[in-house]
Amino acid sequence: MDFGIVTAKVDEIGYITHAENLGFTHCWVTDSQMIRSNCWAVLALAARDTRRMRLGTGVNVPALRLAPVAANGIATINRLAPTGHTAMRTLGQRPMRLAPFREYVEVVRALLAGKEVDYTLEGETHPIRFQMREHCFIDLEHPIPIYIAGFGPKAQALAGEIADGLVSGLPRGGSVPAMLAHAERGAAQAGRRLPGDFLTAAMVTLALRRPGEALDSDRIVAECGPAILSGLHYLVARHLETGEDPPEYARPIWKGYLAWLEEVPPAQRHQRLHGSHYSFLDPVEARFITSALVEAVCLAGSPEEIVERVRALTQEGLKQIMLYPPLNRQYRVIEDFADSVMARL
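This text gives an overview of the structure that appears in the document.

Criteria and cut-off values
Residues numbered from 1 in each chain as written. Predicted model: local features only at pLDDT ≥ 70, side-chain atom pairs only at ≥ 80, totals over all residues. Heavy atoms only, no water. Helix = DSSP H or I, 4+ residues; strand = E, 2+ residues; numbered from the N terminus. Rg over C-alpha atoms; globule rule 2.2 N^0.38 Å. Areas by Shrake-Rupley, 256 points an atom, 1.4 Å probe, with all protein chains shown as cover. Lys, Arg positive; Asp, Glu negative; His and termini not counted. Charge placed at Lys NZ, Arg CZ, Asp CG, Glu CD. Phe/Tyr/Trp six-rings, centres within 6.5 Å; stacked < 30°, edge-to-face > 60°. Lys NZ or Arg CZ within 6 Å of the ring centre and 35° of its normal. Axes fitted to C-alpha atoms, helices over the stretch in contact; angles between N-to-C directions. Parallel < 35°, antiparallel > 145°, perpendicular 65-115°, else oblique. Contact = heavy atoms within 4.5 Å. Nonpolar A, V, L, I, M, F, W, Y, C, P; charged D, E, K, R; others polar. Core = buried A, V, L, I, M, F, W, Y, C linked by side-chain atoms within 4.5 Å. Buried < 20%, exposed > 50% of the residue type's maximum accessible area, 1.4 Å probe, protein only.

Let's talk about the overall build of the chain
- Within the chain, the secondary structure is distributed over 13 helices and 10 strands.
- Computed over the C-alpha atoms, the radius of gyration of the chain is 20 Å, within 12% of the 20 Å expected from 2.2 N^0.38 for a compact globule of 345 residues.
- Principal-axis analysis of the C-alpha atoms places the extent of the chain at approximately 60 × 45 × 40 Å.
- Total accessible area on the chain stands at roughly 16200 Å², and carbon and sulfur atoms take up 51% of it.
- Here the chain carries 36 positive and 39 negative side-chain charges, and the mean point of each set is 1 Å from the other.

Considering the packing of aromatic side chains
- Taken as a whole, this structure holds nine aromatic pairs when the rule is applied.
- Both rings, one in Tyr15 and one in Tyr331, keep their centres 5.3 Å apart while their planes meet at 70°; by these two values the pair is edge-to-face.
- An aromatic cluster of at least three residues, connected via ring pairs, comprises Phe3, Phe24 and Phe337.
- Sitting above the plane of the Phe151 ring, Arg172 keeps its charged end 3.7 Å from the centroid.
- Stacked on the ring of Tyr234, the Lys or Arg Arg172 has its end atom at 3.7 Å from the ring centre.

Comments concerning the packing of helix α1 (residues 13-22) against helix α13 (residues 330-340)
- For the pair α1 and α13, interaxial distance at closest approach is 10 Å and the crossing angle is 5°. Taken together, α1 and α13 sit at an angle that is classed as roughly parallel. Here α1 contributes Gly14, Tyr15, His18, Ala19 and Leu22 to the contact with α13, which in turn contributes Gln330, Tyr331, Ile334, Glu335 and Ala338.
- Here the contact of α1 with α13 is composed, by residue class, of six nonpolar, three polar and one charged.

Here we look at unusual backbone geometry
- Here Gly58 and Val59 are connected by a cis peptide whose omega angle stands at 5°.
- Here Val59 lies in the loop between β3 (54-57) and α3 (67-80).
- Omega for the peptide link from Leu170 to Pro171 comes to 5°, which places this bond in the cis form.
- With respect to the secondary-structure elements, Pro171 resides in the loop between β7 (165-169) and α7 (176-189).

With respect to the nonpolar core
- Ranked by internal contacts, the top residues of the largest apolar core, which has 70 residues, are Phe24, Val108, Leu112, Ile321 and Phe337.
- Among the elements that take part in this core, helix α5 (residues 98-112) stands out by supplying eight residues, more than any other.
- Once residues within four sequence positions are removed from consideration, Phe337 is found in contact with Phe3, Phe24, Leu206, Ile306, Leu323 and Met342.
- By size, the runner-up hydrophobic cluster in this structure holds 26 residues, among which are Val221, Cys224, Ala250 and Ile289.

Here's what the structure looks like:
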């Protein structure tokens with residue numbers, strides 16, 4: 001099992017290097033322009049200051065930029081160091097649909113492989129490729145894996161069909177065996193088998209209990225609350241877009257949360273919904289966090305219990321756990337996890 005962090009604050013590169021020193025192997029930089037630093041700027045600084053850590057967007061959001069622009073950003077970071085959801089919804093927009101997403105990934109992948117590709121923009125199609133490669137503005141010589149973020153069966157199948165790995169979340173993306181089954185189905189449809197190095201990574205919220213501590217203690221809520229509520233943001237966004245019912249664990253607080261959201265005019269609800277996203281604990285939203293909710297959505301337990309759970313996830317096929325703590329707790333969370341869990345594995 002590898003361990004990664006998720007971040008996107010351009011003046012906190014020291015957090016990334018600290019995580020590397022603790023043994024974290026991956027840094028995923030979020031791409032959400034209305035609430036985060038520019039992902040390419042963060043990656044450039046991280047590439048300068050890290051030594052071995054694997055760096056990448058977590059994840060690049062296709063609808064925000066043209067496929068050739070995304071490919072150039074990736075290849076430029078690769079020159080420095082060979083190695084979502086909110087980005088559209090904070091604009092009040094829905095994420096890209098699967099068919100154009102597939103086309104986007106295929107264009108990016110072909111360009112990063114040094115190929116020429118027919119690219120269509122505004123109804124016109126022309127062949128494009130990276131030029132002047134001999135001047136080393138970018139690096140295509142070191143292979144760049146392409147991972148797909150998928151939380152539903154179709155996107156997870158697409159990862160198996162055309163990508164080098166799948167990035168998802170627990171429990172939002174389903175169980176690890178279910179994720180892999182969907183990816184394997186996609187691979188079979190493409191006439192291939194999942195390669196042995198196919199990455200299956202999941203963002204996990206950690207609730208590391210101290211002896212006798214309740215799951216809804218002030219400390220645990222402070223460390224887990226922003227991620228728990230961000231997961232709730234996703235469920236609400238899906239409900240508003242599609243009418244999809246919430247999972248069982250969210251139902252006890254569902255009506256109250258929707259009522260809180262509806263206190264603001266419809267045109268501003270997307271801003272309220274993502275106002276604290278993964279960064280801090282909104283004290284008003286905090287009242288919706290219960291011990292049952294913590295237990296349902298977090299990797300919760302004593303250090304010994306979490307070690308056993310990590311081993312079980314490894315046996316199920318998960319290859320990486322990604323942590324995304326709130327800003328004011330991020331150093332503490334990754335240090336506690338490294339000392340209490342990673343050191344025992």
